[in-house]
Amino acid sequence: MTPESSNHVATHGSVPDPKQESIGPDLEVRIARELRSLLTTESRDPDDNAVALGARSLSDIFAQTITTPSISLDEARAVKSIEVGGFTAWPIFITYAGGHRDPYAPVYNHAQIEERLREFYASNSSKIRGAIGEAIRNVGQHGHDCHAIGHERCFFAPAALFVKELPLGSEPTSRVLIAVVADEGGGISDPERSMLNGVGSMAGVDSVGMGYEMEGALLYLVKSTKGEWSLFDGARQINPDKYDKANGFKRRSIGENEKIERVALLDLEAPPKGCQKIMFFAHPSATSEEVRDIHERLLGSLKALSR
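The structure displayed is predicted, hence computed values, not measured ones.

This part is about helix α5 (residues 127–142). In a regular helix each residue adds 1.5 Å, so 16 residues correspond to 22 Å; α5 covers 22 Å between its end C-alpha atoms and thus fits that length. Ile-128, Ala-131, Ile-132, Glu-134, Ala-135, Ile-136, Arg-137, Asn-138, Val-139, Gly-140 and Gln-141 are the residues of α5 that are buried. If you follow the buried residues of α5, they end up packed against β3 (87–96), β4 (104–107), β5 (154–167), β6 (175–183), α7 (211–216) and β12 (276–282).

Encoded structure:
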């Protein structure tokens, strides 16, 4: 028997162009799924591989890797990554470094991170490296219990870096890097204020400094101690600096009302403690046109999650 022929003619409008579209979920749905899997506050079953920062502690996530809270510097620098929820994750340890500005320093497997992210850390002046590095450095300032830290040993903060690449098309340059720095410290009370450029103290004086992280990222999410997720877009904001560059970087007073306005407040689950920052980065080899397109697509997808 001859099979019946169809009169339906496939057109460009009915068949996704593989270079531009996807037969899978659209970006808005994919971003929502990624963030909810990352942050979910409910463990569905023992075999669920979601990161679930709201449902389990970082100590639970790294339970097979970190069997003792105190290790040497060399041991901390050699702890390898794990795979969880599609993310590659490294634990961040803290040691007492001494000095005035940064008495506590983060310690982690720097060499393996450099290797894993070599495409995104395209040069020594990479803004991506700088933004992630600054977020990790801030764990040393604020993201741990300083009373538990001793001399010449490293302690699990607890804190971690999670990274994942998200393809937005068929071209290698269409990949977006999602980088998450999470800790279980005191958290951030006012991200809009903390987003100002500068250097805060261990006591939180001025509460500024995260602007350097935002500057290197395409888009930036941060959770406050109120349980709110703020979306920041450095491309649309001018960030005032704590230092007067025209006068030899002299310190200036930060005005009481100075802050960086968030783009949106997002409806996402909030882990009950600590600080969580989520950064999105375009591939360094993407053209300026590709970066603009990626930026607008991501921005639209994230704003769709607004409260």
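What follows concerns the packing of aromatic side chains. Pairs of aromatic rings are described using the distance from one ring centre to the other and the angle between the two planes. Across all of its chains, the model carries four aromatic pairs by this definition. Centre to centre, the rings of Phe-62 and Phe-156 are 5.9 Å apart; their planes meet at 75°, and the pair counts as edge-to-face. Of the two residues, Phe-62 sits in the loop between α2 (58–61) and β1 (70–71) while Phe-156 sits in strand β5, which places them 94 residues apart along the sequence. Assigned by exposure class, Phe-62 and Phe-156 land together as buried. Summarising the aromatic geometry, the rings of Phe-62 and Phe-162 are spaced 6.4 Å apart at their centres and angled 45° between planes, so their arrangement reads as tilted. Of the two residues, Phe-62 sits in the loop between α2 and β1 while Phe-162 sits in strand β5, which places them 100 residues apart along the sequence. As far as the burial class goes, Phe-62 and Phe-162 line up, both buried.

Before going further, it helps to examine the environment of Gly-216. For Gly-216, the position within the fold is in helix α7. Separated by 84 residues in the primary sequence, Gly-216 and Ile-132 have C-alpha atoms spaced 8.4 Å apart. Here Gly-216 is in contact with Lys-127, Ala-131 and Phe-281, once residues within four sequence places are set aside.

Conventions and cut-offs
- Residues numbered from 1 in each chain as written.
- Predicted model: local features only at pLDDT ≥ 70, side-chain atom pairs only at ≥ 80, totals over all residues.
- Heavy atoms only, no water.
- Helix = DSSP H or I, 4+ residues; strand = E, 2+ residues; numbered from the N terminus.
- Expected span 1.5 Å × (residues − 1).
- Buried < 20%, exposed > 50% of the residue type's maximum accessible area, 1.4 Å probe, protein only.
- Contact = heavy atoms within 4.5 Å.
- Phe/Tyr/Trp six-rings, centres within 6.5 Å; stacked < 30°, edge-to-face > 60°.

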